[in-house]
Amino acid sequence: MDNPNPEIKQVKRDVLAADAPLEDTIYDLLRDIRDPEHPNTLEELSVIEKENISITEPDEYMKAIVRVQFVPTVPHCSMASLIGLSIRSKIQESDVLGEEYKLDVNVMEGTHDTGDEITKQLNDKERVAAALENQVLRGLVDDCLRGVAHLREVPQ
């Protein structure tokens, strides 16, 4: 376990309005993903924060970029790729983003020893598809999304 005593924040649950901004909808979608090593959510561990979700104006290809940045609990977190993969999977499987959006999932700059490489992997469609075809990895992602990842041994 990389961080045996993470800082845990108290979270306030608000009911999401039907006409909530897309950033709020995405945050609400991600807040209950479980950390792979702890029985806490990414929200409770401050891995995701509402202010780290942004949407840019459409680019030259007429796509707006939805950027979700996350902060691992420690700079050497071995679960950062799995956390990012869980975030990406949750958003993609929810169908909350239409064709007019491109999703970028990033490790917040300067918060992880290999954040640039992890970010590159998380935004490479072929690598993500290959990772999710691996039954062990897919099972770990599903556990995070269902809230039981901390109960399973995570391969290094």
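Computed from a predicted model, the values in this text were never measured in an experiment.

S.K.: Would you explain the overall build of the chain in this entry?
M.R.: Summing up its helical and strand segments, the chain has five helices and three strands in all. Reading the secondary structure of the chain in the N-to-C direction produces α-β-β-α-β-α-α-α. Counting across all 156 residues of the chain, residues that qualify as buried make up 43%. Pairs at least 24 apart in sequence give 63% of the contacts found in the chain among residues at least 6 apart. When the accessible surface of the chain is totalled, it reaches about 8,900 Å², and 48% of it is carbon and sulfur.

S.K.: What exactly am I supposed to notice about the sheet that holds strand 3 (residues 101-107) here?
M.R.: Backbone hydrogen bonds are what pair the strands of a sheet, in a parallel or an antiparallel way. In space, the three strands of this open sheet follow the order 1-2-3, with mixed pairing throughout. One side of each edge strand has no neighbouring strand; the edge strands of this open sheet are strand 1 (53-55) and strand 3. Between one strand axis and the next, the sheet turns through 15° on average, direction left out of account. As defined by bridge partners, strand 2 (residues 64-70) adjoins strand 3 across seven bridges and the pair is classed as parallel. Residue pairing across strands places V68 opposite V105, the latter belonging to strand 3. Each of strand 2 and strand 3 is contacted by helix 3 (residues 115-122), which is oriented at about 155° to strand 3, the strand it contacts most.

S.K.: Is there a simple way to explain the environment of G110 in this structure?
M.R.: Summarising the element assignment, G110 is placed in the loop between strand 3 and helix 3. Here G110 falls in the exposed class, since its relative accessible area comes to 76%. Taking the C-alpha atoms as reference points, G110 and V71, separated by 39 residues in sequence, lie 9.2 Å from one another.

S.K.: I would appreciate a short explanation of the side chain of R31 in the present structure.
M.R.: Looking at the element boundaries, R31 is found in the loop between helix 1 (22-30) and strand 1. A polar contact of 2.8 Å, which involves the side chain of R31, links it to the side chain of E43.

S.K.: What am I meant to see in unusual backbone geometry here?
M.R.: Note: most peptide bonds trans; most residues except glycine with negative phi. Backbone geometry at S46 places phi at a positive 60°, although glycine is not the residue there. Positionally, S46 belongs in the loop between helix 1 and strand 1. Located in the positive-phi region is D95, a residue other than glycine, with phi close to 60°.

S.K.: I'm lost on the pairing of strand 2 in this one. Help?
M.R.: Along a regular strand, successive side chains alternate from one face of the sheet to the other. The buried fraction of strand 2 is high, at five of seven residues. Inspection of the sheet shows strand 1 paired to strand 2 by three bridges, in the antiparallel sense. Looking at the pairing, S54 lines up with R67 of strand 2. The parallel pair strand 2 and strand 3, bridged by helix 2 (residues 80-94), forms a crossover whose chirality is right-handed.

S.K.: Can you help me understand the side chain of N40 in this one?
M.R.: If you trace the backbone, N40 turns up in the loop between helix 1 and strand 1. Classification of N40 by relative accessible area gives buried; the value is 11%. Here the side chain of N40 touches E44 through a polar contact of 3.5 Å, side chain to side chain. Not counting chain neighbours up to four residues away, the residues in contact with N40 comprise I8, I33, R34, D35 and L45.

Procedures and definitions
- Residues numbered from 1 in each chain as written.
- Predicted model: local features only at pLDDT ≥ 70, side-chain atom pairs only at ≥ 80, totals over all residues.
- Heavy atoms only, no water.
- Helix = DSSP H or I, 4+ residues; strand = E, 2+ residues; numbered from the N terminus.
- Buried < 20%, exposed > 50% of the residue type's maximum accessible area, 1.4 Å probe, protein only.
- Contact = heavy atoms within 4.5 Å.
- Areas by Shrake-Rupley, 256 points an atom, 1.4 Å probe, with all protein chains shown as cover.
- Pairing = 2+ DSSP bridges.
- Axes fitted to C-alpha atoms, helices over the stretch in contact; angles between N-to-C directions.
- Polar contact = N/O pair within 3.5 Å; in protein donor to acceptor, adjacent residues only side chain to side chain.
- Right-handed = clockwise from strand over helix to strand, strands pointing away.

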